[in-house]
Amino acid sequence: MSLYEVDVDRTGRRNPLWRWFLLHPTADYLWAALAVLLWTGIAAVAGQPLMLEHVDPGARRTLFQTLATLAGATAGLTLTSVSMLINVLGKKAAPGQRELPLERLSATHRRQIGEVFLFAIPGLGLLVIAALVTVVLEGDAPTGLWISEAVAFALAFASVLSLLRVAWALRRVLAIATA
């Protein structure tokens, strides 16, 4: 099979849903909103708390602090990956040597790969902010605020989807670089 004019062995069938997922990163927020609406809808119908508002305050605080920490660390790692990716995609073969596999990527494909990484960073940053705002707003109150919790969970879900896309892009770049 040829991927970006580079031969890569591939097993299995091409999945059009996966391809759609890869080409539409802004849909992450729609999927996340749908998941949170489904969660709150089921909780409302079952007569349960909508999010985590009746969980112990210490456990809620720990959860949202952990979300903020993980999102911040992952955003930093993704940003570092972008700088490494720029070096890898910009590397040219020495004069007289054979062209490197990544040199065969068109400018459009290089931009698409970069956008996958750059799209993940703002969502992770927003997750850090939402999780910390939730911690501050809830404080030591015996019940939590389901709206801020829902926003944090939606951003967490969207961030996971964008990180799946980043992992896919890294896998593809590695496959092309080692072709």
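In the block above lies the structure referred to throughout.
Residues numbered from 1 in each chain as written. Predicted model: local features only at pLDDT ≥ 70, side-chain atom pairs only at ≥ 80, totals over all residues. Heavy atoms only, no water.

**Student:** Can you help me understand the nonpolar core in this one?
**Tutor:** Burial of nonpolar side chains together is a common tendency in soluble globular proteins. Formed by 21 residues in total, the largest nonpolar core has its most connected members in Val36, Met51, Phe64, Leu67, Leu127, Ala131 and Phe153. Contributing elements (two or more residues each) for this core: helix H2 (27-46), helix H3 (57-90), helix H4 (107-138) and helix H5 (146-177). Broken down by element, the residue count for this core peaks at seven residues, all from H5. Setting aside chain neighbours within four positions, we find Met51 in contact with Val36, Trp39, Thr40, Trp146, Glu149, Ala150 and Phe153. Residues Val116, Val166, Ala169 and Val173 belong to the second largest nonpolar core, which totals 13 residues. (Core = buried A, V, L, I, M, F, W, Y, C linked by side-chain atoms within 4.5 Å. Buried < 20%, exposed > 50% of the residue type's maximum accessible area, 1.4 Å probe, protein only. Helix = DSSP H or I, 4+ residues; strand = E, 2+ residues; numbered from the N terminus. Contact = heavy atoms within 4.5 Å.)

**Student:** Looking at this model, I keep getting lost on H2. Mind explaining?
**Tutor:** One turn of the α-helix equals 3.6 residues, which is why residues spaced by three or four share an orientation. With 20 residues, H2 should cover 28 Å at 1.5 Å per step; its first-to-last C-alpha distance of 28 Å lies within 8% of that length. Among all positions in H2, only Ala27, Asp28, Ala32, Val36, Thr40 and Ala43 are buried. Considering only its buried residues, H2 is in contact with helix H1 (16-23), H4 and H5. Trailing H2 by a residue or two, Gly47 shows a phi angle of about 75 degrees, which is positive. (Expected span 1.5 Å × (residues − 1).)

**Student:** Can you help me understand the environment of Ile86 in this one?
**Tutor:** One can find Ile86 in helix H3. Along the backbone, Ile86 and Gly114 are 28 residues apart, and their C-alpha atoms lie at a distance of 8.1 Å.

**Student:** Explain the pattern of salt bridges here, please?
**Tutor:** Any two side chains of opposite charge can pair, on the condition that their charged atoms come close. Tallied over the entire structure, the rule returns five salt bridges. A salt bridge links Arg60 to Glu138, with the shortest nitrogen-to-oxygen separation between them at 2.9 Å. Residue Arg60 is found in helix H3, and its partner Glu138 is found in helix H4; the two are separated by 78 residues along the sequence. Sharing partners across several salt bridges, the network here consists of Arg60, Glu138 and Glu149. (Salt bridge = Lys/Arg side-chain N within 4 Å of Asp/Glu carboxyl O.)

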